[in-house]
Each structure stands twice: as structure tokens, then as C-alpha cells.
Amino acid sequence: DNYGCSDLFRWLIVNAVLSGIHMFGGMYIVNRIREPAAEELSSSKTQSSVDKMEEGGYVLNNFSVPKNNERGGPNSFQRVKHVLCYDKGMALYILVVVFWMVWICMGVNRRLTVDDGNEACDELISYMNITISLGYVWMTVIGVAFCCSFLCLR
């Protein structure tokens, strides 16, 4: 059925795998940022350190949130910096993101060179159009969210 459209089908399958990696990558990043550092784990078990954290605010998602709804919290920038700059899993994910961006560009090239008169490929071409469009929307939304998240950090 997809014999004449095997390149398009293969591109869609690889893009689906990369999309799954993006979902796991997002969960990994959030969990790594929310994960307390080793020194925080050892110090948070003593009552005095818990009291000190509660004096400055309340504890929420491993961040000490200051009173009066001030933005950010202690060490949040340091956690993000560590994950972005020093985490091996994040380095691997950045390589996947770069590969995905190249893969999307290759998809645009394939889409522009495919023969629109080939009725056997019409369904795959429509899936490819949707996938490429959503890929660029995702890239834009994630970029804006990433930049906006730095506005909330101290």
C-alpha cells in the first residue's frame, strides 16, 4: 500500500519516535529540576533546617517559596542551571533536539519534492503536513515557555 511512499512513511515513523522521546524528555527535565540536591536531602531531615525553611515561606515541590508571593525561590536558578549545563541526560536530550530540528527540515524538503499528483501518497502527505506544522508550533511554544520561565527565576 505504501510501497511508492516508503520514504514518507519512514520519515513519519522516525518523527513519531522522536515525539515520544520529547514527551519523556520533558518529564525527565521537570523531575530533575524538582529533585533536591544531595546536601538538601541530608539537611532537610533535621528539624532545625525544616524550621529555617518554614520561616522564609512554605515548602512546595522541593522549592522554598517566599512569603508575599515573591517570584522564584532559593536555589531554583541553581537547579535549572545544573540540569541545563551539567546533567548528562540533558546533554543527550539536547543532541536529540538538534537531530529532531534537522529531521523536521528534512521533512519539509521531502514534502516540497514529493509529487502531489500521487494519489497513493495523499494520506501520508496530509499526515506529514500536520506533523510538520505541529512540530514548528511545538518548537515555538517550548522556546517561548523556556524564555518565560527564566523571568520567574531569581
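See the structure above.
Residues numbered from 1 in each chain as written. Predicted model: local features only at pLDDT ≥ 70, side-chain atom pairs only at ≥ 80, totals over all residues. Heavy atoms only, no water.

J.: Just to check I follow, could you spell out the packing of helix α1 (residues 6–34) against helix α6 (residues 122–151) for this structure?
T.: Axes are the key here: two packed helices are described by the angle between their axes and the distance separating the axes. As a packed pair, α1 and α6 sit with axes 10 Å apart at the nearest point and diverge in direction by 30 degrees. It follows from the interaxial angle that α1 and α6 lie roughly parallel. Note on packing geometry: the crossing formed by α1 with α6 is left-handed. Where α1 abuts α6, its residues L8, F9, W11, L12, N15 and H22 lie against L124, I125, Y127, M128, T131, I132 and W138. The class makeup of the residues in the contact of α1 with α6 is ten nonpolar, three polar and no charged. (Axes fitted to C-alpha atoms, helices over the stretch in contact; angles between N-to-C directions. Helix = DSSP H or I, 4+ residues; strand = E, 2+ residues; numbered from the N terminus. Parallel < 35°, antiparallel > 145°, perpendicular 65-115°, else oblique. Left-handed = near helix turned anticlockwise from the far one by under 90°. Contact = heavy atoms within 4.5 Å. Nonpolar A, V, L, I, M, F, W, Y, C, P; charged D, E, K, R; others polar.)

J.: I tried to follow the pattern of salt bridges on my own but got confused; where do I start?
T.: Two side chains that carry opposite charge are able to pair once their charged atoms sit near each other. In total, this model carries two salt bridges according to the counting rule given. A salt bridge links D7 to R10, with the shortest nitrogen-to-oxygen separation between them at 3.0 Å. Highlighted residues: D7 and R10, both in helix α1, separated by three residues, approximately one helical turn. Residue R10 is classed as partly exposed on the basis of its relative accessible area, which comes to 46%. In this structure, the salt-bridge partner of R32 is D87, at a minimum N-O distance of 2.9 Å. In this pair, R32 is assigned in helix α1 and D87 in the loop between α4 (76–86) and α5 (88–113), connecting sequence segments 55 residues apart. R32 gets classed as partly exposed once you look at its relative accessible area, which sits at 26%. Taking the relative accessible area as the measure of exposure, D87 reaches 8% and is therefore buried. (Salt bridge = Lys/Arg side-chain N within 4 Å of Asp/Glu carboxyl O. Buried < 20%, exposed > 50% of the residue type's maximum accessible area, 1.4 Å probe, protein only.)

J.: Hey, could you run me through the side chain of D87 in this one?
T.: A polar contact of 3.0 Å, which involves the side chain of D87, links it to the backbone nitrogen of M90. For D87, the residues in contact, after removing those within four places along its chain, are Y28, R32 and H82. (Polar contact = N/O pair within 3.5 Å; in protein donor to acceptor, adjacent residues only side chain to side chain.)

J.: Help me understand the packing of α5 against α6 in this model?
T.: Orientation of α5 relative to α6, taken along the N-to-C sense of each, is 140 degrees, at an axis distance of 10 Å. Between α5 and α6, the angle is such that the two are oblique. For the crossing formed where α5 meets α6, the hand is left-handed. Contacts between α5 and α6 involve Y93, W100, M101, I104, C105, G107, V108, R110 and R111 from the former and I125, M128, N129, I132, G135, Y136, W138 and M139 from the latter. Grouping the amino acids of the contact of α5 with α6 by side-chain chemistry returns twelve nonpolar, three polar and two charged.

J.: How should a nonpolar patch on the surface be read in this particular structure?
T.: A cluster of nonpolar side chains, F9, I13, V17 and I21, forms an exposed patch at the surface whose accessible area comes to about 330 Å². Take I13: it is sitting in helix α1. Given the relative accessible area of 44%, I13 is considered partly exposed. (Patch = residues over 30% accessible without salt bridge, like charges linked within 9 Å, V, L, I, M, F, W, Y side chains within 5 Å. Areas by Shrake-Rupley, 256 points an atom, 1.4 Å probe, with all protein chains shown as cover.)

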